[in-house]
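So the chains spell out like this:
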Amino acid sequence: MSRYTKWMSRDFRLDRAPIDALDYEIAQEKAVALGRMGRALEEALARLRAFDASHPRPSAPGSVQQARRYLVTDAGHALWMLVVQREACGLRDSRALMRDYGVPGEVQLCMGAAPAKSARDAI
């Protein structure tokens, strides 16, 4: 009988402390949030690249430049959210992130906790 009890306890993790289960759940939530933030950055950068492809910059009127500033600011906010989530997961070096996602320098420069209100009101 004891051999079945031992097998069942491993299967249901009865031999683990409750804190281990909590740590596991927290790690799962961090990973899910990290993925969600990464997808948000990819989408923001894709919108910016699509906008740049369809609007030549030198001859763009002021309204187009304002719309582009909004997209850059939005991408900067998405980048900030991903960097913060990565740091919460213990990933402190963002150089690989910038390279792998192909984050433009102007997006990196406007990275911050909250997008500028004037840029959000542009559209």
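Scroll up for the structure.
Residues numbered from 1 in each chain as written. Predicted model: local features only at pLDDT ≥ 70, side-chain atom pairs only at ≥ 80, totals over all residues. Heavy atoms only, no water.

## Thoughts on the overall build of the protein
Next up, step 1: Tallying secondary structure elements over the protein gives 6 helices and 0 strands in all.
Next up, step 2: Going from N to C terminus, the protein has its helices and strands arranged as α-α-α-α-α-α.
Next up, step 3: The 123 residues of the protein split such that 28% are buried.
Next up, step 4: In the protein, the share of contacts with a sequence separation of at least 24, taken over all contacts with a separation of at least 6, comes to 76%.
Next up, step 5: When the accessible area of the protein is evaluated, it comes to approximately 8600 Å², of which 58% is carbon and sulfur surface. (Helix = DSSP H or I, 4+ residues; strand = E, 2+ residues; numbered from the N terminus. Buried < 20%, exposed > 50% of the residue type's maximum accessible area, 1.4 Å probe, protein only. Contact = heavy atoms within 4.5 Å. Areas by Shrake-Rupley, 256 points an atom, 1.4 Å probe, with all protein chains shown as cover.)

## What to know about the pattern of salt bridges
Next up, step 1: In total, this model carries 5 salt bridges according to the counting rule given.
Next up, step 2: Between R68 and E106 there is a salt bridge, and its shortest N-O distance comes to 2.6 Å. Here R68, found in helix α3 (residues 62-88), pairs with E106, found in helix α5 (residues 105-109); they are 38 residues apart in sequence, far enough to count as distant.
Next up, step 3: Note that R99 and D100 form a salt bridge whose closest N and O atoms lie 3.7 Å from each other.
Next up, step 4: If you follow the salt bridges from partner to partner, you end up with D52, R68 and E106 in one network. (Salt bridge = Lys/Arg side-chain N within 4 Å of Asp/Glu carboxyl O.)

## As for α3
Next up, step 1: Between its first and last C-alpha atoms α3 spans 39 Å; for 27 residues at 1.5 Å apiece the expected length is 39 Å, and the two agree.
Next up, step 2: The first or second residue beyond α3 is G90, which carries a positive phi of 95 degrees. (Expected span 1.5 Å × (residues − 1).)

## Topic: the environment of M37
Next up, step 1: If you trace the backbone, M37 turns up in helix α2 (residues 18-54).
Next up, step 2: Sequence separation of M37 and L79 is 42 residues, and the distance between their C-alpha atoms is 8.1 Å.
Next up, step 3: Apart from residues lying up to four places away in sequence, M37 is in contact with M81, L82 and Q85.

## Thoughts on the side chain of S94
Next up, step 1: When you line up the elements, S94 lands in the loop between α3 and α4 (95-101).
Next up, step 2: S94 sits in the buried class, given a relative accessible area of 16%.
Next up, step 3: Those residues within four positions of S94 in sequence are excluded, and the remaining contacts are V83 and R86.

## Observations regarding the packing of α2 against α3
Next up, step 1: The interhelical angle for the contact between α2 and α3, taken along N-to-C directions, is 160 degrees, at an axis separation of 9 Å. Comparing their axes, α3 and α2 come out roughly antiparallel. Crossing geometry of α2 relative to α3 is assigned as left-handed. (Axes fitted to C-alpha atoms, helices over the stretch in contact; angles between N-to-C directions. Parallel < 35°, antiparallel > 145°, perpendicular 65-115°, else oblique. Left-handed = near helix turned anticlockwise from the far one by under 90°.)

Shape descriptors only; they carry no functional weight alone.
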